[in-house]
Amino acid sequence: MPRNLSKLINQYLSPEVLDLIRMAIRKAQVQKQKIYLVGGIVRDLMLGKSSLDLDFSIEGEALTLARSLGEETGCRVTSYPQFGTATIKLDSIQVDFAAARTETYSCPGALPLVKAASLLEDLYRRD
């Protein structure tokens, strides 16, 4: 059953989390990147729960966006360039940025080789 996530976002997320989401959206718009809220927070919202674990998928440069947000908030950014991901932590809120990507593995247990992809391809990889 489709749900209006914007209502759920406003209902279940704290003002601090909402501010962080809005800030990330503004940064993405300025950088002309597409940003999507993905992962467990979407599931939690649909279940009527709040969440402090934000996952963004970026069609573009996730590291650039994370660094920009880190500078604005004064938070340290931990980046993993080989995977196109970065994390910032603001108080009890963890924010993960990942470039939309596909992954291939040379053998079981190997680290993934990542390649830029669309949001749809990224979501297939996630689930």
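Anyway, here's the lowdown on the structure attached to this text. Nothing here was measured: the structure is a model prediction, and the numbers come from that model.

Here we take up the pairing of strand E3 (residues 77–80). Where E3 and strand E4 (residues 85–90) come together, four bridges link them in antiparallel fashion. Residue pairing in the sheet places Ser-79 in a bridge with Ala-86 of E4. The antiparallel pairing of E3 with E4 creates a hairpin that spans four residues between the two strands, and Gly-84 there sits at a positive phi of about 70°.

The topology assignment puts Ala-24 in helix H2 (residues 15–30). Take Ala-24: its relative accessible area is 0%, and that puts it in the buried class. Ala-24 sits 44 residues away from Ser-68 along the chain, and the two C-alpha atoms are 9.0 Å apart. Not counting residues up to four positions away in its chain, the partners in contact with Ala-24 are Ile-35, Phe-56, Leu-65 and Leu-69.

Another point: the pattern of salt bridges. Counting across every chain of the model gives six salt bridges. Close ionic contact of Lys-27 with Glu-72 constitutes a salt bridge, the shortest N to O distance being 2.8 Å. Here Lys-27, found in helix H2, pairs with Glu-72, found in helix H4 (residues 62–73); they are 45 residues apart in sequence, far enough to count as distant. Overall, the relative accessible area of 43% leaves Glu-72 in the partly exposed class. A salt bridge links Glu-103 to Arg-125; the nearest nitrogen and oxygen atoms lie 3.4 Å apart.

Let's shift gears to the side chain of Thr-85. By the element assignment, Thr-85 lies in strand E4. Filtering out sequence-adjacent residues up to four positions away, Thr-85 remains in contact with Leu-63, Thr-78, Ser-79, Tyr-80, Phe-97, Ala-98 and Arg-101.

Criteria and cut-off values
- Residues numbered from 1 in each chain as written.
- Predicted model: local features only at pLDDT ≥ 70, side-chain atom pairs only at ≥ 80, totals over all residues.
- Heavy atoms only, no water.
- Pairing = 2+ DSSP bridges.
- Helix = DSSP H or I, 4+ residues; strand = E, 2+ residues; numbered from the N terminus.
- Buried < 20%, exposed > 50% of the residue type's maximum accessible area, 1.4 Å probe, protein only.
- Contact = heavy atoms within 4.5 Å.
- Salt bridge = Lys/Arg side-chain N within 4 Å of Asp/Glu carboxyl O.

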